Amino acid sequence: MPSTIRARRLYLDQEQSLWMLRTISLRNWRKNLPNRLSIQEYKQGVLNGERSVLARAITLVESQRSVDRKLAQTLIQSIVPHTGHSFRIGVSGLPGVGKSTLLDALGMLLIDKGHSVAILAVDPSSNMGGGSILGDKTRMHRLSHEPNAYIRPSASGSSLGGVAQKTRESILLCEAAGFDIIIVETVGVGQSEVEVSNMVDCFLALMLPGGGDELQGIKKGVLERADIIVINKADEERLMLARGTLREHRAALHYLRPRHPTWKPVAMMTSAITGMGLEELWRTIQEHKQTLISCGALKELRSEQQRLWMWRLIEDGLRDRFFEHPIIQNLLPRYEQEVQQGIRLPTQASSLLLASFFQEEHDHVYPQRITNIKSNSSHEDR
Ligand SMILES: Nc1nc2c(ncn2[C@@H]2O[C@H](COP(=O)(O)OP(=O)(O)O)[C@@H](O)[C@H]2O)c(=O)[nH]1
Ligand SMILES: [Mg+2]
């Protein structure tokens, strides 16, 4: 310790800064370390409806790390017996149509009626760092303070087609945590809404009054998947326009093939701001549910969801195995470059990559049988 007062103070300042730096780097280091629980802790926490454990379990199923994927699979298998008793609703629509605002209002109405509601907001076009996702939680400010509600925004910007699988698993986790209504919010563009419509019991398509002809193409695809079409923002100066849009949609519905033979899709108006039409919307969702139950379609729908889930898992599993394989990681950049330069045909490159992958997989499964064959032939055929 220095002797003069000034030098001592300087020394102490330096010590303090060093200590602070050490604390910050330790905290950052801890933050980067995946903080995982045991399967039993995840399972028990989720079944007890503990929010913090549910959130961590969803983080686990969203993780891209292969160790996490294995842990997540075991967790999902262990909770499956406790799932299947919620009603699953999908809500789709272009950004800005009012999905989050509507869900805040509808969610509050459902909480008042004694339900518990989980909302999974899927936005494959957005990353956690910005965009609409962060706005979502603030748009659902009333609901986010409710003890019987759980809101989970999911950014899946970087994942390759894995959105669906993760959302499915998150739905199961929320069901196991005891929520009786699960709503998946998704942007009304691209593959995500097709995927979401395949994993829910009731699919809502939100539209704006007027809309615009340029969107009709997008709309048609959405309309074919919708059980209920909701013209939102039917308030103030847009009310008249909304009435016109409602009439147009009701007329268009006659020409569409319904998603289920027993349910003819309906169109209605809402205002997420004034609450107009929300009670009617909930009544219609329940009617839809009763129709599906009474004719046995809900059971069929669920078994179809299971079948599609299996196929999704197979596709995702094959893709992950392929891209993670060292031989593919080794060959792929070169082949890709050669294809780009025109030295190799895409058909040839893809067959060679697939052949190498399957040969490696085969060698891995039957190591003894192929030792002799392998010694005679080179693995890579150029
Ligand atoms: N006037 C009016 N504005 C609405 C309504 N619903 C949502 N909004 C507004 O529209 C904007 C986008 O809403 P948001 O819920 O974030 O849309 P999302 O991107 O579909 O989730 C926000 O400024 C909302 O306040 C509505 O029914 N009426
Ligand atoms: Mg939103």
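Since the structure is predicted, the reported quantities are computational estimates derived from the model, not experimental observations. (Residues numbered from 1 in each chain as written. Chains lettered and ligands numbered in written order. Predicted model: local features only at pLDDT ≥ 70, side-chain atom pairs only at ≥ 80, totals over all residues. Heavy atoms only, no water.)

A. How the structure looks around the site of ligand 1. Within the structure, ligand 1 sits among 17 residues, and Gly96, Thr101, Arg139, Asp235 and Ala272 are positioned closest to it. Within the contact set of ligand 1, a nitrogen atom lies 3.2 Å away from a side-chain nitrogen or oxygen of Arg238. Calculation on ligand 1 without its partners gives an accessible area of 580 Å², and the protein chains cover 78% of this total. At 3 residues, helix H5 (residues 99-112) tops the list of elements feeding residues into the shell around ligand 1. Among the residues forming the shell around ligand 1, the class breakdown is 5 nonpolar, 6 polar and 6 charged. (Near = heavy atom within 4 Å. Polar contact = N/O pair within 3.5 Å; in protein donor to acceptor, adjacent residues only side chain to side chain. Areas by Shrake-Rupley, 256 points an atom, 1.4 Å probe, with all protein chains shown as cover. Helix = DSSP H or I, 4+ residues; strand = E, 2+ residues; numbered from the N terminus. Nonpolar A, V, L, I, M, F, W, Y, C, P; charged D, E, K, R; others polar.)

B. Quick peek at the nonpolar core. Counting residues in each nonpolar core, the largest one holds 36 residues, and the members touching the most others are Ile89, Leu204, Ile228, Leu281 and Ile285. Looking at which element gives the most residues to this core, the answer is H5, with 8 residues. Setting aside residues up to four positions removed in sequence, Ile285 forms contacts with Phe87, Ile89, Cys202, Leu204 and Ile228. Counting 30 residues, the second largest nonpolar core, distinct from the first, contains Ala118, Ile182, Val184 and Val200. (Core = buried A, V, L, I, M, F, W, Y, C linked by side-chain atoms within 4.5 Å. Buried < 20%, exposed > 50% of the residue type's maximum accessible area, 1.4 Å probe, protein only. Contact = heavy atoms within 4.5 Å.)

C. Expanded view of the pattern of salt bridges. Tallying each qualifying case throughout the model produces 11 salt bridges. A salt bridge links Glu279 to Lys113, with the shortest nitrogen-to-oxygen separation between them at 3.3 Å. Residue Glu279 is located in helix H12 (residues 278-294), and its partner Lys113 is located in the loop between H5 and strand S2 (117-123); the two are separated by 166 residues in the primary sequence. The salt bridge partner of Glu304 is Arg307, with a shortest N-O separation of 2.9 Å. Of the two residues, Glu304 and Arg307 are both situated in helix H13 (residues 297-324); the distance of 3 residues between them amounts to about one turn of the helix. Classification of Glu304 by relative accessible area gives partly exposed; the value is 34%. What makes Arg307 partly exposed here is its relative accessible area of 42%. One network of salt bridges, with partners in common, ties together Arg36, Arg65 and Asp68. (Salt bridge = Lys/Arg side-chain N within 4 Å of Asp/Glu carboxyl O.)

D. Representation of empty space enclosed by the protein. Taken as a whole and assessed by the stated rule, the structure comprises 2 cavities of 30 Å³ or more. There is about 80 Å³ of room inside the largest cavity. Lining the largest cavity are Arg88, Arg168, Ile171, Leu172, Met199, Gln305, Gln306 and Trp309. Of all the secondary-structure elements, those providing two or more residues to the lining of the largest cavity are helix H8 (163-176) and H13. Its residues assigned to classes, the lining of the largest cavity comprises 4 nonpolar, 2 polar and 2 charged. (1 Å grid on protein atoms, 1.4 Å probe; cavity = no way out; pocket = protein on both sides within 12 Å on 5 of 7 lines; lining within 4 Å. Points joined across faces, edges and corners; volume = space filled by probe spheres on them.)

E. Highlighting the pairing of strand S4 (residues 181-187). The buried count for S4 comes to 7 of 7 residues, which makes it a mostly enclosed element. Of the two faces of S4, the one carrying Ile181, Ile183, Glu185 and Val187 and the one carrying Ile182, Val184 and Thr186 are both buried. Inspection of the sheet shows strand S1 (residues 87-93) paired to S4 by 7 bridges, in the parallel sense. Counted as the bridge partner of Ser92 is Thr186 from S4. (Pairing = 2+ DSSP bridges.)

F. Structural detail: helix H2 (residues 39-47). Looking only at H2, the buried set comprises Tyr42, Lys43, Gly45 and Val46. Positive backbone phi, at 75 degrees, marks Gly49, one or two positions downstream of H2.

G. Region of the structure containing the packing of H5 against H12. As a packed pair, H5 and H12 sit with axes 10 Å apart at the nearest point and diverge in direction by 70 degrees. One way to sum up the angle between H5 and H12 is to call them roughly perpendicular. For the pair H5 and H12, contact is made by Leu102, Ala105, Leu106, Leu109 and Leu110 and by Leu278, Glu279, Leu281 and Trp282, respectively. Taken together, the residues of the contact of H5 with H12 break down into 8 nonpolar, no polar and 1 charged. (Axes fitted to C-alpha atoms, helices over the stretch in contact; angles between N-to-C directions. Parallel < 35°, antiparallel > 145°, perpendicular 65-115°, else oblique.)

H. Geometry of the packing of aromatic side chains. A complete count under the given rule lists 4 aromatic pairs for this structure. Plain terms: the ring middles of Tyr150 and Phe179 are 6.2 Å apart, the flat faces sit at 35 degrees to each other, and that makes the pair tilted. Separated by 29 residues along the polypeptide, Tyr150 in strand S3 (residues 149-155) and Phe179 in the loop between H8 and S4 bring together distant segments of the chain. By the burial criterion, Tyr150 is buried, and Phe179 matches it. Taken together, a centroid distance of 5.1 Å and an interplanar angle of 85 degrees make the contact between Phe322 and Phe323 edge-to-face. Taking relative accessible area as the criterion, Phe322 reaches 13% and is therefore assigned buried. Here Phe323 falls in the partly exposed class, since its relative accessible area comes to 39%. Connected via pairs of aromatic rings, a cluster forms that spans Phe322, Phe323, Phe357 and Phe358. The ring of Tyr335 carries Arg344 above its face, with NZ or CZ at 4.4 Å from the centroid. (Phe/Tyr/Trp six-rings, centres within 6.5 Å; stacked < 30°, edge-to-face > 60°. Lys NZ or Arg CZ within 6 Å of the ring centre and 35° of its normal.)

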